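Here's the letter readout for the chains.
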Amino acid sequence: FSEGLAPAKIKGRYGYINSDGEWAIEPIFYSAGEFSEGLAPVRIKSNWGYIGYDGNFLIEGKFKRCFPFVNGLAMVYIKKGYGLINTSGDIIVKANKDKILPPDENNMRIITKGKKQRVVDENGKFITKKHRKVYLAGDTCYGGQKGKKHILYNSNGKIIGKFESLNPMKIGSNLILTNYKLKY
C-alpha cells in the first residue's frame, strides 16, 4: 500500500483497493503503479497518465510510459526519450534524454543524452555543462569530467574550480582534491 491504496488486478484490469480490501478506484486500467505525492501512473490502451485518489485523470494520458513522482518530479517517456514533469504535468526537462537517474540528497538528477551527462535541479535548470561524466563531489558540489580535467560547480551552477585531478574525493563533508592544479 502506498498513500492508503494499492494497485490490484481483476479480470485483466487494474484498479486500487483500500486497506479493507474494497475497491476505492474501479479496475479499468491496463496497467497501474503506486501512488506517490497524490498521483499514480496508469495506462489506458497505449498511453500513460496520472490519476488522483478519486480515479480521475489529473495529468492526461499522453505519455508512452511514466513513473512515480519523487520530490515533485516524475520521469516520463515520450516518443524520443525520457524527460521530467512536475505535479501539474508541465514538462520541466524536454523528453529527449537516454537516461535520468533518481534525485540525490540535494534533489538533483544526472541526465544522460548520448555520451554526455549533465546535472539538473528540481526546476529544470542545468547546473553543469555537458561532460563525459558528472558526479556528486562533496555535500553540495558537482564535478564534471572532460578527459583528465575536472570542473567543480556549486549547486547554483557557478564554477568554483577547475582541476587536473585523477580523483576529487569526498571525505565526510569535506572535498579533498588529490594531485591538483587550481586554475583561475
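1. Some words on the overall build of the protein
Looking only at helices and strands, the protein has zero helices and 20 strands in total. When contacts within the protein are restricted to residue pairs at least 6 apart in sequence, long-range pairs at least 24 apart make up 22% of them. Of the roughly 10500 Å² of accessible surface on the protein, 51% is carried by carbon and sulfur atoms.

2. Some details on the sheet that holds strand E8 (residues 65–66)
With respect to topology, four strands assemble into an open sheet ordered E8-E9-E10-E11, the strand pairing being antiparallel. Only two strands of the sheet have a single neighbouring strand rather than two, namely E8 and strand E11 (91–97). Relative to E11, strand E10 (residues 81–86) runs antiparallel, the two sharing three bridges. Following the sheet pairing, leucine 84 is matched in E11 by valine 93.

3. Quick look at the sheet that holds strand E14 (residues 116–120)
One open sheet accounts for three strands, arranged E12-E13-E14; its pairing is antiparallel. Since the sheet does not close on itself, it has two edges, and those belong to strand E12 (99–100) and E14, each with one partner. The pairing of E12 with strand E13 (residues 109–113) spans two bridges and is classified as antiparallel. When the bridges of E13 are listed, lysine 99 appears paired with threonine 112.

4. Here we look at the side chain of asparagine 18
Mapped onto the fold, asparagine 18 is located in the loop between strand E2 (13–17) and strand E3 (23–29). According to the relative accessible area criterion, asparagine 18 is buried, its value standing at 19%.

5. A word on the packing of aromatic side chains
In total, this model carries six aromatic pairs according to the counting rule given. The interplanar angle of 50 degrees and the centroid separation of 6.3 Å between the aromatic rings of phenylalanine 67 and tyrosine 82 together place this pair among those described as tilted. Highlighted residues: phenylalanine 67 in the loop between E8 and strand E9 (73–78) and tyrosine 82 in strand E10, separated in sequence by 15 residues. A residue is classified by how much of its surface remains accessible, and phenylalanine 67, at 22% relative accessible area, is partly exposed. In this structure tyrosine 82 comes out as partly exposed when scored by relative accessible area, which is 24%. An aromatic cluster of at least three residues, connected via ring pairs, comprises Tyr16, Phe35 and Tyr53. Cation over ring: arginine 65 sits above phenylalanine 67, and NZ or CZ is 4.7 Å from the ring centre. The side chain of arginine 118 reaches across the aromatic face of phenylalanine 126, ending 4.0 Å from its centre.

About the thresholds
Residues numbered from 1 in each chain as written. Predicted model: local features only at pLDDT ≥ 70, side-chain atom pairs only at ≥ 80, totals over all residues. Heavy atoms only, no water. Helix = DSSP H or I, 4+ residues; strand = E, 2+ residues; numbered from the N terminus. Contact = heavy atoms within 4.5 Å. Areas by Shrake-Rupley, 256 points an atom, 1.4 Å probe, with all protein chains shown as cover. Pairing = 2+ DSSP bridges. Buried < 20%, exposed > 50% of the residue type's maximum accessible area, 1.4 Å probe, protein only. Phe/Tyr/Trp six-rings, centres within 6.5 Å; stacked < 30°, edge-to-face > 60°. Lys NZ or Arg CZ within 6 Å of the ring centre and 35° of its normal.

Coordinates in, geometry out; function isn't part of it.
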